[in-house]
Amino acid sequence: MTAQRDHQHGCNLEQLHRDEITVAMNWVIRTCQDIIRDHSHKTFWVPTGTASGTAPTTDGLIESARADVLGKLRRQIDGAEAIIGNAEHERAQRQR
């Protein structure tokens, strides 16, 4: 009975890991889509606050790059990495 329950728990845990990883990756993709929708023109990045026909300052580009793209992606990627790391850790513990 215990072996069957452990097997079922393992299958449920595997499915949970697959679901969590899929959701995390979907959020990474959605974030990319949001960034493209909100901060691009014909697939090229348009920094926030850039007036037509003017060149942004280097400081403005740095600030906008971090706010528009890098920070948003970093949060999603860090979250996805944490979920994947947790799944790897739990799988390794179970295989011992």
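For the structure itself, consult the block above.
Residues numbered from 1 in each chain as written. Predicted model: local features only at pLDDT ≥ 70, side-chain atom pairs only at ≥ 80, totals over all residues. Heavy atoms only, no water.

**Student:** What is the right way to read the overall build of the protein chain from this model?
**Tutor:** What the protein chain contains, in helices and strands, is 2 helices and 2 strands. Seen in sequence order, the protein chain has helices and strands lined up from the N terminus as α-β-β-α. The buried share of the protein chain, taken over its 96 residues, is 19%. Excluding contacts between residues fewer than 6 apart, the proportion of contacts in the protein chain whose partners are at least 24 apart in sequence is 65%. A total of about 7500 Å² of accessible surface is found on the protein chain, and carbon and sulfur atoms cover 56% of it. (Helix = DSSP H or I, 4+ residues; strand = E, 2+ residues; numbered from the N terminus. Buried < 20%, exposed > 50% of the residue type's maximum accessible area, 1.4 Å probe, protein only. Contact = heavy atoms within 4.5 Å. Areas by Shrake-Rupley, 256 points an atom, 1.4 Å probe, with all protein chains shown as cover.)

**Student:** Is there a simple way to think about unusual backbone geometry in this case?
**Tutor:** Trans is the common state for peptide bonds, and a negative phi is the common state for residues other than glycine. The phi dihedral of Lys 42 falls on the positive side, at around 55°, and the residue is not glycine. Note on placement: Lys 42 falls in the loop between β1 (40-41) and β2 (44-45). Here the phi dihedral of Thr 43 falls at roughly 70°; this positive angle occurs in a residue that is not glycine. Among the secondary structure elements, Thr 43 is positioned in the loop between β1 and β2. For Thr 43, a relative accessible area of 69% translates into the label exposed.

**Student:** It is not clear to me how the side chain of Asp 68 should be interpreted in this structure. Could you clarify?
**Tutor:** Position of Asp 68 relative to the elements: it lies in helix α2 (residues 58-94). Only 3.5 Å separates the side chain of Asp 68 from the side chain of Trp 45, close enough to count as a polar contact. A distance of 2.4 Å separates polar atoms of two side chains, one belonging to Asp 68 and the other to Ser 64. Not counting residues up to four positions away in its chain, the partners in contact with Asp 68 are Ile 35, His 39, Trp 45, Val 46, Pro 47 and Thr 48. (Polar contact = N/O pair within 3.5 Å; in protein donor to acceptor, adjacent residues only side chain to side chain.)

**Student:** Hey, could you run me through the packing of aromatic side chains in this one?
**Tutor:** Any two aromatic rings considered together are summarised by their centre-to-centre distance and by the angle between their planes. Within this structure, the stated rule accounts for 0 aromatic pairs. One residue, Arg 30, lies across the ring of Trp 27, its end atom 5.2 Å from the ring centre. (Phe/Tyr/Trp six-rings, centres within 6.5 Å; stacked < 30°, edge-to-face > 60°. Lys NZ or Arg CZ within 6 Å of the ring centre and 35° of its normal.)

Read these as spatial facts, not as claims about activity.
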